[in-house]
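Summary of the model geometry
Residue-level listing of the chains:
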Amino acid sequence: MARLVFALNQSLDGYVDHMAFAPDPVVFRHFIDDVRGLAGTVYGRRMYEVMRYWDEDHSEWDEAERDYAAAWRSQPKWVVSRSLKSVGPNATLVKDDVEAAIRGLKTQLDGEIEVSGPELAAGLAELGLVDEYRLYLHPVVLGGGKPFFAGPRPRLRLVASDRIGEEVIRLTYVPA
């Protein structure tokens, strides 16, 4: 049975913004390895549209960016959206009965399925489907924006903390 994990970079004050800060090379390599090991990823529409950047090669990419793109393209993706009509390669559109679809994935697959997008993660948490939270804390203060927790804060229990690279701390929580 697969576990659903919500993992995302965030500022020290709890906000996520892929344009405001980026992982250093060590953290980026960590994410490449992480993506390679996933059973797949569940995306909300907005996060999926951001991540579609990795569907096409860009001449300015370095080796790490090419590695990430290859890992991202190879994994199955499920996109939760009522507005999208289609999705890209290796992706499946989930329009109806999201709870049943995600429960089905957790039953059918082994390993970890990552959920990407704060609003989607909040909805899945309310349904009791998120098994683990990984907060990658970066030494940045944004002062506002989209919070990591987009809905009611679930009661959590810390199960691990570790340093990744020189400046990032990963905190791992499970529902209490």
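Above this text you will find the structure in question.
Let me sum up the structure you'll find in this document. (Residues numbered from 1 in each chain as written. Predicted model: local features only at pLDDT ≥ 70, side-chain atom pairs only at ≥ 80, totals over all residues. Heavy atoms only, no water.)

What to know about the layout of surface pockets
In this structure, the largest pocket encloses a volume near 1,200 Å³. As for the largest pocket, its lining consists of 41 residues, and the residues nearest its centre are Leu 8, His 18, Met 47, Val 50 and Met 51. Those elements that provide at least two residues to the lining of the largest pocket are strand E1 (3-10), helix H1 (25-36), strand E3 (40-44), helix H2 (45-51), helix H3 (63-74), strand E6 (112-116) and helix H5 (118-126). It is H2 that contributes the most residues to the lining of the largest pocket, 5 residues altogether. Within the lining of the largest pocket, the residues separate by chemical class into 22 nonpolar, 9 polar and 10 charged. (1 Å grid on protein atoms, 1.4 Å probe; cavity = no way out; pocket = protein on both sides within 12 Å on 5 of 7 lines; lining within 4 Å. Points joined across faces, edges and corners; volume = space filled by probe spheres on them. Helix = DSSP H or I, 4+ residues; strand = E, 2+ residues; numbered from the N terminus. Nonpolar A, V, L, I, M, F, W, Y, C, P; charged D, E, K, R; others polar.)

What about the packing of aromatic side chains?
The relation between two aromatic rings is expressed through the spacing of the ring centres and the mutual angle of the planes. For the structure shown, the criterion picks out 13 aromatic pairs. The interplanar angle of 85 degrees and the centroid separation of 5.0 Å between the aromatic rings of Tyr 53 and Trp 54 together place this pair among those described as edge-to-face. A relative accessible area of 11% means that Trp 54 is categorised as buried. Ring-pair connections join several aromatic residues into one group, and the members of that group are Phe 28, Tyr 53, Trp 54, Trp 61 and Tyr 68. Against the face of Trp 72 rests Lys 77, its NZ or CZ located 4.3 Å from the ring centre. (Phe/Tyr/Trp six-rings, centres within 6.5 Å; stacked < 30°, edge-to-face > 60°. Buried < 20%, exposed > 50% of the residue type's maximum accessible area, 1.4 Å probe, protein only. Lys NZ or Arg CZ within 6 Å of the ring centre and 35° of its normal.)

Here's the deal with helix H4 (residues 98-108)
Of all the residues in H4, the buried ones are Val 98, Ile 102, Gly 104, Leu 105 and Lys 106. On its buried face, H4 sits against E1, E3, strand E4 (77-80), strand E5 (91-94), E6 and H5. (Contact = heavy atoms within 4.5 Å.)

Some remarks on the pairing of E4
Burial along E4 is two-sided: Lys 77 and Val 79 facing one way and Trp 78 and Val 80 facing the other are all buried. Relative to E4, E3 runs parallel, the two being bridged by 4 bridges. Bridge assignment links Thr 41 to a residue of E4, and that residue is Lys 77. Of the pairings in the sheet, the one linking E4 to E5 comprises 4 bridges and is parallel in character. When the bridges of E5 are listed, Trp 78 appears paired with Thr 92. (Pairing = 2+ DSSP bridges.)

Concerning unusual backbone geometry
Residues other than glycine seldom take positive phi values, yet Asn 90 does so here, at roughly 60 degrees. On the basis of relative accessibility, which here comes to 38%, the residue Asn 90 falls in the partly exposed class. Notably, Asp 97 is not glycine yet its phi reads approximately 45 degrees, a positive angle.

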